[in-house]
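# Understanding the architecture of this molecule
In case you want the letters, here they are:
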Amino acid sequence: MRGMRGGVGALARAALLALALVTAVRLGAQLRGGGHVAEVTQPLLMPLLLGALLAGTEPPRGRLVRLFALGLVLSWAGDTLPRFLDGQAQFLAMLGSFLLAQIVYALALWPLRGGSLLAARSPGRSAARSAGSRGAEGREARSRGDGTGRALAGRAAVLPYLGAAALIVGLCTPSAGVLLPALVVYAAAICAMAVLATGLGVRGGIGGAVFVVSDSLIALNTFDVLTLPAHEVWVMATYVAAQVLLVLGVLGHRARAGRRPRDGAGRHDAAISPHRDAQRP
């Protein structure tokens, strides 16, 4: 798209600037103890980010953008609905909304798994791609070795996500009670989303990881495991940062893919090759 840097045009940048200002006001209000300003500003966050996503893309937006837009709406519900509820219902409304958001994000990102940490190409496939002419035995052997290395590296890179999910669940289990199954399901969902988000590139991958940190802070505080000084400020700052990075990842992917109608839906969006990643500004 013309006039865009990394997939972010002027309107999208304006929406992101407005989001930054509202977030700063929100965080400042939280530091002063919350109050009416904090209540008013939180429901504005995700609509502004949704505006940035829509302003940064052109029709046909495709499956990836549409599902991310739905995920932002569900996130908005998680930000907004709990204020109308009390007690455990408040927590369940937030958990349910964000669980649906994580599932929607994961579904949106699934076609990009070929460019994510899950991309453990089999040695046979790598070899087949390399051996295309006579006397290719040496290249085929090297390709098999490279394929095995990539497979092992990809699987090893997933381990920190699994370890973090297991650690948080383990720490919260003594206090979780009947909410333990919901906690396990949510941990699995956000872990899957974060791993798949690496298919968006560096910004998306960082966004997924930061989302895990943000939601882990919520869980640790909810189940009386850990409360940091200005805990809610850290939760909100990491939450907004994660969502912004994910959206920037989507916009960047969209810009790299061009205006393909099958954005996020087919083989063209299954992966971003290492060669193209190397050329990304």
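Preceding this section is the structure that the text describes.
What comes next is a walk through the structure. Bear in mind the structure is a predicted one, so any value in this text is a computation, not a measurement. (Residues numbered from 1 in each chain as written. Predicted model: local features only at pLDDT ≥ 70, side-chain atom pairs only at ≥ 80, totals over all residues. Heavy atoms only, no water.)

## Thoughts on the overall build of the chain
Broken down by element type, the chain carries 10 helices and 0 strands. In the chain, the succession of helices and strands from N to C terminus is α-α-α-α-α-α-α-α-α-α. For the chain, with 281 residues in total, the buried portion stands at 45%. Residue pairs in contact within the chain that sit at least 24 positions apart in sequence constitute 71% of those at least 6 positions apart. Within the structure as shown, the chain displays about 13,900 Å² of accessible surface, and the carbon and sulfur contribution to it stands at 66%. (Helix = DSSP H or I, 4+ residues; strand = E, 2+ residues; numbered from the N terminus. Buried < 20%, exposed > 50% of the residue type's maximum accessible area, 1.4 Å probe, protein only. Contact = heavy atoms within 4.5 Å. Areas by Shrake-Rupley, 256 points an atom, 1.4 Å probe, with all protein chains shown as cover.)

## Regarding the layout of surface pockets
To find leftover empty space, a probe the size of one water molecule is rolled over the atoms. Taken as a whole, the largest pocket holds about 690 Å³ of empty space. As for the largest pocket, its lining consists of 27 residues, of which Arg-26, Gln-42, Pro-82, Met-94 and Glu-232 are closest to the centre. Every element with two or more residues in the lining of the largest pocket is listed here: α1 (10–31), α2 (36–55), α3 (62–80), α4 (87–109), α8 (202–222) and α9 (231–257). For the lining of the largest pocket, the element with the most residues is α8, which contributes 7 residues. For the lining of the largest pocket, the per-class residue count stands at 11 nonpolar, 10 polar and 6 charged. (1 Å grid on protein atoms, 1.4 Å probe; cavity = no way out; pocket = protein on both sides within 12 Å on 5 of 7 lines; lining within 4 Å. Points joined across faces, edges and corners; volume = space filled by probe spheres on them. Nonpolar A, V, L, I, M, F, W, Y, C, P; charged D, E, K, R; others polar.)

## Considering the pattern of salt bridges
The full count for this structure, using the stated rule, is 1 salt bridge. Notably, a salt bridge pairs Arg-83 with Glu-39, separated by 2.7 Å at the nearest N-O pair. Taken together, the positions of Arg-83 in the loop between α3 and α4 and Glu-39 in helix α2 put the pair 44 residues apart, joining distant regions of the chain. You can call Glu-39 partly exposed: its relative accessible area is 43%. (Salt bridge = Lys/Arg side-chain N within 4 Å of Asp/Glu carboxyl O.)

## Concerning a nonpolar patch on the surface
On the surface, Leu-167, Leu-171, Val-225, Leu-226, Leu-228 and Trp-234 cluster together to form a nonpolar patch covering roughly 520 Å² of accessible area. Relative to the elements of secondary structure, Leu-226 occurs in the loop between α8 and α9. Look at Leu-226 and you get partly exposed, because its relative accessible area is 37%. (Patch = residues over 30% accessible without salt bridge, like charges linked within 9 Å, V, L, I, M, F, W, Y side chains within 5 Å.)

## Points about the packing of helix α7 (residues 180–197) against α8
Relative orientation of the contacting elements α7 and α8 amounts to 160°, with a least axis distance of 7 Å. By the criterion of interaxial angle, the relationship of α7 to α8 is roughly antiparallel. Between α7 and α8 lies a crossing of left-handed hand. Here Leu-183, Tyr-186, Ile-190, Met-193, Ala-194 and Ala-197 of α7 lie close against α8, whose contacting residues are Gly-204, Gly-205, Gly-208, Ala-209, Phe-211, Val-212, Asp-215 and Ala-219. Split into classes, the residues belonging to the contact of α7 with α8 amount to 10 nonpolar, 3 polar and 1 charged. (Axes fitted to C-alpha atoms, helices over the stretch in contact; angles between N-to-C directions. Parallel < 35°, antiparallel > 145°, perpendicular 65-115°, else oblique. Left-handed = near helix turned anticlockwise from the far one by under 90°.)

## Observations concerning the packing of aromatic side chains
Any aromatic ring pair is given by two values, namely how distant the centres are and how the planes are angled relative to each other. Taken as a whole and assessed by the stated rule, the structure comprises 4 aromatic pairs. Pairing Phe-68 with Tyr-105 gives two aromatic rings, centres 4.5 Å apart and planes at 25°, and the pair type is stacked. A residue pair is termed long-range when its members are at least 10 positions apart, and Phe-68 in helix α3 and Tyr-105 in helix α4 qualify at 37 residues. Residue class for Tyr-105 comes out buried when judged on its relative accessible area of 0%. (Phe/Tyr/Trp six-rings, centres within 6.5 Å; stacked < 30°, edge-to-face > 60°.)

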